[in-house]
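# Remarks on the overall topology
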Amino acid sequence: MILRALMLKEWRILLRDAHALAVLFLMPALFLLLMAMAMANINLDRQPPLDLTLQLTADDADSRFFQRALAAQLKTRSFTVIAPDSNGSAQTTTLQLDGTAVGEPLQVRLPDDFSAGLLDSEPAEVTLIFPARTDAASRQQLRGAVQIALAQTRLMAFLLDSGELDEDSSEQERLELVGKRTANRIVEQELLASGDLAQRANATQHNVPAWLIFGMFFVMLPMANGFQREQANGTLLRLRCMGLGLGPLALGKLPPYFAINLLQFALLLGIGVWALPLLGVPGLSLPGSPLAYALLALCLTLATCSLGLAIAAIARSTEQALLLSGGLNIILAAIGGIMVPKGVMPETMRQLAEVSPMSWALDAFLTLLVGQGGIADILPYCLRLLLFAAVASSLGLFLFHRRLRETQWTTHY
Amino acid sequence: MIELAGVGYRYPGAEQPALHDVSLTLRAGECLGLLGANGAGKTTLLSLISGLRQPGAGQLRVTDGQRPGMVPQQLAFYPELKVRENLELFADLHCLRGQIRRQRMDWVIARTALAERLPRQAGNLSGGEQRRLNFAIGLLQPTALYLFDEATVGVDAHSRQLLLATVEELTSEGHAVIYTSHYLDEVERVANRILLLERGQVKLDLDTRALLGEQHGLLLKWPGALPEALEQELLAMQLPFKRLADGWHIEALQGAELARLCTLIAKLPELPSLLRFGRPSLEQLYLHLSGGAL
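Since we're looking at a predicted model, the values are computed, not measured.

Let's shift gears to the overall build of chain B. Within chain B one finds 10 helices and 13 strands. Its C-alpha atoms put chain B at 70 × 45 × 35 Å along the principal axes. Out of the 294 residues in chain B, the part that is buried amounts to 50%. Taking as baseline every contact in chain B between residues at least 6 positions apart, the subset at least 24 positions apart corresponds to 68%. Accessible surface, chain B as shown: approximately 13,600 Å² in total, 50% of it carbon and sulfur.

Here you go:
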């Protein structure tokens, strides 16, 4: 009865504290949305927009075949080819890719004797012209696409010459046949849940868990503040005089904050999954077992609430509680890869990040979201969080007990 | 009800004990007015009686083992909760159930006139209403001993009368009460026994009537110059008196002496601006006993 009453009291106070709710829900949600939108172009699966001009010297079947083969190759490389067909000029075709790049377009120039030299052992040169702004990855992608398109065009010429391909066949039929003949079965495997996942996470995969963790750790603030208020207004004195000790007072505080933390976890993940796509940002997908997410939520909640208890017991006033919980949260976030992804940090800072429980939680999230890991993969991070929770709660309970023993009968006269 | 025998307490690191050899027995129906200057040991004594601290020396025994109900000086409730929610919370914490719970709730709500304020958030109540809620929560616990520490600070005259009447009711119903306040007129009204602490020791422990009823005095004040004739008369009568800036305070005055002085005063060209005869107030007595020292 006593424990239930204390928990209900804490729950009611928390739900009526508009500032605490804003800090716990609104602030991380805003951070999540704003930062996900601001960083939307980081580590995207699609290629950055490029303008590409294909210069044809003759309007012949081989050049047109090359054009289609090149467009198909660019598509397989995640370039979005919007208008692969001729733009009307006999000599120039623009493969307009997604987006509008500024300045001179990238050019693929076919030689005059392109068609005639296809079956030669040393075919004529194809020229690629890159504007200086073109990044190395895009150059490499285009180089590969052109090489395969050229090989396919030469194969098509060979098949026609050998009679294996009907002269009357359509361009589409030729492309399909050549495609089948040049198709390679390459199975690409990756060692999941390993390596530097922070560098591979896109904006959504980083920002949703990062600000979720940040928001969850802010539970320290209302916890510490509530305890200070109880002590300052004499309620703690009244509770102590009623004979309530460490057990009910500590246990009465923790479950409501546990619940709030779990609610934050679900709500902010929900924003990542459903709200971000509405804003044009890639939505969050949650691969793997729901149990892994549940385990992570539990460990994270234990860590945040334990730290909250410790801060509540350390602070001596509401001002101290605010400074300690807010300041510590920001420091842990700054060094833990929340504000700046660890992937862009120098090595020393990445090593420093390992001391932050926020970093452990974020690594566990990335293992699930990016590394496609499971419970076994996040277990080391969860154990670290549990160890942290054990240390923080032990310290918190020790200090809390001492504070309770020191409760003064205060008079102001 | 409660018995202290040779109780002492020294705070860690302190050279002098906060309480030394305090013996006290408080019985059912007694209301003890606890007085003392700052640092006299009142807070420590309340801490020990409330169970917040354990005596370092001596014995403290509560007859029925119950913890006392207490109304602290601070507004010790949750301002975010409604009045009813606060009362229900503390009723739950006292494990009150069923009919006892209902009766107790109804009683404290009636005694503190909070019935119309039950749905309101405690933090939005007026200062006096908040004080009444603080009072009500302290009374929720059915127990033999109640501690009131500056329980009426900041309340209006009507609320004060209501709360003091409740304290008197508790005493008349056979509960023991320890009442401490810097409004000594309140202590004088509700307490039937006065305990004065000085430097951690009991300086005085007397029945209130016995303490206040021994001596009567006369307070005289003049708007202008003090009449010399009256001072000559006071000296001639060998009455103990204290000269004030604007008058005299004459102590230990008997009826015949009063009549003689009044006859003289009536013949004076200027009448006094104040003439008060009676037993001294607790405040006067306290100032006298404590020597006026801070």
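Structure's up, so let's keep going.
This brings us to the overall build of chain A. If you tally the helices and strands in chain A, you get 14 helices and 5 strands. Counting all 413 residues of chain A, 47% fall into the buried class. Long-range pairs, those at least 24 residues apart, make up 75% of the contacts in chain A with a sequence separation of at least 6. About 19,200 Å² of surface is accessible on chain A, with carbon and sulfur atoms providing 60% of the total.

Along the chain, the position of A:Arg240 falls in helix H8 (residues 235-241). The contact partners of A:Arg240, leaving out residues within four places of it in the chain, are A:Gly245, A:Leu249, A:Leu404, A:Arg405, A:Thr407, B:Leu52 and B:Arg67.

This next bit is on the pairing of strand S1 (residues 51-55) of chain A. Residue and element names in this part refer to chain A. S1 sits mainly inside the fold: 4 of its 5 residues count as buried. Here 4 bridges tie S1 to strand S4 (residues 106-109), and the two strands are oriented parallel to one another. Of the residues in S4, the one forming a bridge with Gln55 is Arg109.

Once that is clear, we can look at the pattern of salt bridges. If you walk through the whole model with that rule in mind, you get 23 salt bridges over all chains. By sharing partners, the salt bridges in this structure join A:Lys9, A:Glu10, A:Glu230 and A:Lys253 into a single network.

What follows covers the confidence of the model for chain A. This prediction gives chain A a mean pLDDT of 84; 88% of its residues lie at or above 70. Predicted confidence in chain A is weakest over strand S3 (residues 92-97) of chain A, with a mean pLDDT of 60, and strongest over helix H10 (residues 290-314) of chain A, with 94.

Looking now at the interface of chain A and chain B. Listed per partner, the contact involves 32 residues of chain A and 39 residues of chain B. Each partner contributes to the roughly 3,400 Å² buried at the junction of chain A and chain B, and carbon and sulfur atoms together form 58% of this total. For the interface between chain A and chain B, the tally reads 3 salt bridges. For B:Glu85, the salt bridge goes to A:Arg16, with nearest N and O atoms at 2.6 Å. Counting the contacts that link chain A with chain B gives 11 residue pairs in polar contact (both at pLDDT 80 or more). Of all the secondary-structure elements, those providing two or more residues to the side of chain A that touches chain B are helix H1 (2-15), helix H7 (220-232) and H8 of chain A. Here the side of chain A that touches chain B gets 7 residues from one element, more than from any other, and that element is H1(A). Grouping the amino acids of the side of chain A that touches chain B by side-chain chemistry returns 13 nonpolar, 9 polar and 10 charged.

What follows covers the packing of helix H9 (residues 246-278) of chain A against helix H14 (residues 375-405) of chain A. All names here are of chain A. Running from N to C, H9 and H14 cross one another at 125 degrees; their axes reach a closest spacing of 10 Å. By the angle between their axes, H9 is oblique relative to H14. Our pair here, H9 against H14, has a crossing hand that is right-handed. Residues Leu246, Leu249 and Ala250 of H9 touch H14, and the partners they reach there are Leu397, Phe400, His401 and Leu404. Its residues assigned to classes, the contact of H9 with H14 shows 6 nonpolar, 1 polar and no charged.

Bringing a negative patch on the surface into the picture now. On the surface, A:Asp161, A:Asp166, A:Glu167, A:Asp168, A:Glu173 and A:Glu176 cluster together to form a negatively charged patch. Residue placement: A:Asp166 occurs in the loop between helix H4 (136-162) and helix H5 (171-182).

One recurring pattern in soluble globular proteins is that nonpolar side chains are buried together. The biggest cluster of nonpolar side chains holds 126 residues, and the ones touching the most others in it are A:Ile213, B:Leu87 and B:Phe148. If one sorts the elements of this core by residue count, H10(A) sits on top with 13 residues. Look past the residues within four positions of B:Phe148 in its chain and what remains in contact with it is B:Val71, B:Phe135, B:Leu139, B:Val167, B:Leu170, B:Val177, B:Ile178, B:Tyr179 and B:Thr180.

All names here are of chain B. Bridge count between strand S10 (residues 217-221) and strand S12 (residues 247-250): 4 bridges; the pairing is antiparallel. Each bridged residue has a counterpart across the sheet, and for Leu220 the counterpart in S12 is Trp248. Here strand S11 (residues 241-243) pairs with S12 via 3 bridges, running antiparallel. Bridge pairing links Phe241 to Ile250 in S12.

All names here are of chain B. Pairing is antiparallel in the open sheet, where 4 strands are placed in the order S11-S12-S10-S13. Pairing within the sheet leaves two strands with one partner each, and these edge strands are S11 and strand S13 (274-278). Sheet twist, expressed as the mean angle between neighbouring strand axes with direction ignored, is 10 degrees.

So, about the side chain of B:Thr143. All names here are of chain B. As for its position among the elements, Thr143 is in the loop between helix H4 (127-139) and strand S6 (145-149). Assessed through its relative accessible area of 4%, Thr143 is described here as buried. Aside from chain neighbours lying at most four places away, what touches Thr143 is Gln66, Arg67, Pro68, Gly69 and His175.

Another aspect to go through is unusual backbone geometry. Residues and elements named next belong to chain B. Although it is not a glycine, Cys95 sits at a positive phi angle of roughly 55 degrees. Mapped onto the secondary structure, Cys95 falls in the loop between helix H2 (83-93) and helix H3 (98-111). Given the relative accessible area of 38%, Cys95 is considered partly exposed.

About the cut-offs
Residues numbered from 1 in each chain as written. Chains lettered and ligands numbered in written order. Predicted model: local features only at pLDDT ≥ 70, side-chain atom pairs only at ≥ 80, totals over all residues. Heavy atoms only, no water. Helix = DSSP H or I, 4+ residues; strand = E, 2+ residues; numbered from the N terminus. Buried < 20%, exposed > 50% of the residue type's maximum accessible area, 1.4 Å probe, protein only. Contact = heavy atoms within 4.5 Å. Areas by Shrake-Rupley, 256 points an atom, 1.4 Å probe, with all protein chains shown as cover. Pairing = 2+ DSSP bridges. Salt bridge = Lys/Arg side-chain N within 4 Å of Asp/Glu carboxyl O. pLDDT = per-residue confidence, 0-100. Buried area = accessible area lost by both parts, 1.4 Å probe. Polar contact = N/O pair within 3.5 Å; in protein donor to acceptor, adjacent residues only side chain to side chain. Nonpolar A, V, L, I, M, F, W, Y, C, P; charged D, E, K, R; others polar. Axes fitted to C-alpha atoms, helices over the stretch in contact; angles between N-to-C directions. Parallel < 35°, antiparallel > 145°, perpendicular 65-115°, else oblique. Left-handed = near helix turned anticlockwise from the far one by under 90°. Patch = residues over 30% accessible without salt bridge, like charges linked within 9 Å, V, L, I, M, F, W, Y side chains within 5 Å. Lys, Arg positive; Asp, Glu negative; His and termini not counted. Charge placed at Lys NZ, Arg CZ, Asp CG, Glu CD. Core = buried A, V, L, I, M, F, W, Y, C linked by side-chain atoms within 4.5 Å.

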